[in-house]
Amino acid sequence: MISNRDESKRRLTASGIKPTFQRAVILEAVRGKNGHPAIRDLHARLLRDVPTLSKTTLYSTLELFARKGLVKPLFIDPAEVRYDGVAEPHHHFYCTACRRILDIDIACSTGRAGRIHGHQVDEVHGYFKGLCRDCLAGGRLSRAANVSIHNSPRRKPHA
Ligand SMILES: [Zn+2]
Ligand SMILES: [Zn+2]
């Protein structure tokens, strides 16, 4: 069975990036469970494997990955940029209580790659915000006074 580390190296090579140990570990961490990490959390997690890793290096490595289409920066969390190890466009649910970002596997009926009002659409991203089912079940509602589910205003095709 191919390991996640080997898979990360394979993806790096396929994208024309030299597959160093450090890069493979970083890519593996972005793609791993607890997905959509912020730099801060990712850095803390990675220090166990790469104790010498600086935040600056991590940032520039993620920038490189983003340029090569290996990761996607997400601007759904008002506090910080989050990184997605699945670069293909898909929808997200952001929990305003626990701040997790979850992938939502639905097809958008109004906007898909093609043309809208004469504009060429290359990517469609839907952002939903509210309380995740774990927070709803666990009663961790203290931070979540405003419960709303809506698409990002930037992506309303009828606006
Ligand atoms: Zn939650
Ligand atoms: Zn995602």
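Residues numbered from 1 in each chain as written. Chains lettered and ligands numbered in written order. Predicted model: local features only at pLDDT ≥ 70, side-chain atom pairs only at ≥ 80, totals over all residues. Heavy atoms only, no water.

### Let's talk about the environment of Ala87
Next up, step 1: Positionally, Ala87 belongs in the loop between β2 (82-84) and β3 (91-95).
Next up, step 2: Its relative accessible area of 18% is what places Ala87 among the buried residues.
Next up, step 3: In this structure the C-alpha to C-alpha distance between Ala87 and Ala66, which are 21 residues apart in sequence, comes to 8.4 Å.
Next up, step 4: The contact partners of Ala87, leaving out residues within four places of it in the chain, are Gly69, Leu70, Val71 and Lys72. (Helix = DSSP H or I, 4+ residues; strand = E, 2+ residues; numbered from the N terminus. Buried < 20%, exposed > 50% of the residue type's maximum accessible area, 1.4 Å probe, protein only. Contact = heavy atoms within 4.5 Å.)

### Re the sheet that holds β3
Next up, step 1: Spatially, the three strands line up as an open sheet ordered β4-β3-β7, and their pairing is mixed. With one partner strand each, in any of the chains shown, β4 (101-104) and β7 (127-130) form the two edges of the open sheet. The mean inter-strand angle of the sheet, taken between neighbouring strand axes irrespective of direction, is 25°.
Next up, step 2: Examined bridge by bridge, β3 and β4 share four bridges and lie antiparallel to one another. Bridging across to β4, His92 finds its partner in Asp103. (Pairing = 2+ DSSP bridges. Axes fitted to C-alpha atoms, helices over the stretch in contact; angles between N-to-C directions.)

### Some thoughts on the coordination of the zinc ion (ligand 1)
Next up, step 1: Protein-derived ligands of the zinc ion (ligand 1) are Cys95 (SG), Cys98 (SG), Cys132 (SG) and Cys135 (SG), with the metal-ligand distances lying across 2.3 Å.
Next up, step 2: Coordination at the zinc ion (ligand 1) is tetrahedral: its four donor atoms span angles of 104 to 116° at the metal.
Next up, step 3: For the zinc ion (ligand 1), the single-chain donor residues occur in sequence as C-x2-C-x33-C-x2-C. With Cys98 in the loop between β3 and β4 and Cys132 in the loop between β7 and α5 (133-138), the pair connects residues that are 34 residues apart, well separated along the chain.
Next up, step 4: Judged by relative accessible area, Cys98 falls into the partly exposed class, the value being 24%.
Next up, step 5: Owing to a relative accessible area of 2%, Cys132 belongs among the buried residues under this scheme. (Donors = N, O, S within 2.8 Å, 3.2 Å for Na, K, Ca; no water. Tetrahedral: all angles 85-135°; square planar, octahedral: opposite > 155°, others 65-115°.)

### Here's the deal with helix α4 (residues 55-67)
Next up, step 1: Between its terminal C-alpha atoms α4 stretches 18 Å, which fits the 18 Å expected from 13 residues at 1.5 Å a residue.
Next up, step 2: Looking at α4, one finds that the buried residues are Leu58, Thr61, Leu62, Leu64 and Phe65. Burial along α4 is one-sided: seen end-on, the buried residues are contained in an arc of 155°. Facing away from the buried side of α4 by over 90 degrees, the exposed positions are Thr56 and Arg67.
Next up, step 3: Where α4 is buried, its residues touch α1 (4-14), α2 (21-31), α3 (39-46) and β2.
Next up, step 4: At the C-terminal side of α4, Gly69 shows a positive phi close to 80°. (Expected span 1.5 Å × (residues − 1). Arc of directions from axis to C-beta.)

### Quick look at the pattern of salt bridges
Oppositely charged side chains can pair when the atoms bearing their charge come close.
Next up, step 1: Applying the stated criterion across every chain yields a total of nine salt bridges.
Next up, step 2: Put simply, Arg40 and Glu80 hold a salt bridge, and the shortest N to O gap is 2.7 Å. Residue Arg40 is found in helix α3, and its partner Glu80 is found in the loop between β1 (72-74) and β2; the two are separated by 40 residues along the sequence.
Next up, step 3: For Arg40, a relative accessible area of 44% translates into the label partly exposed.
Next up, step 4: One salt bridge in this structure joins Glu123 and Lys72, with 3.0 Å as the shortest N-O distance. Remark: Lys72 occurs in strand β1 and Glu123 occurs in the loop between β6 (119-121) and β7; sequence separation between them is 51 residues.
Next up, step 5: Looking at Glu123, the relative accessible area reads 30%, which means it is partly exposed.
Next up, step 6: What you see here is one network of salt bridges that share partners, running through Arg40, Asp77, Glu80, Arg82 and Arg99. (Salt bridge = Lys/Arg side-chain N within 4 Å of Asp/Glu carboxyl O.)

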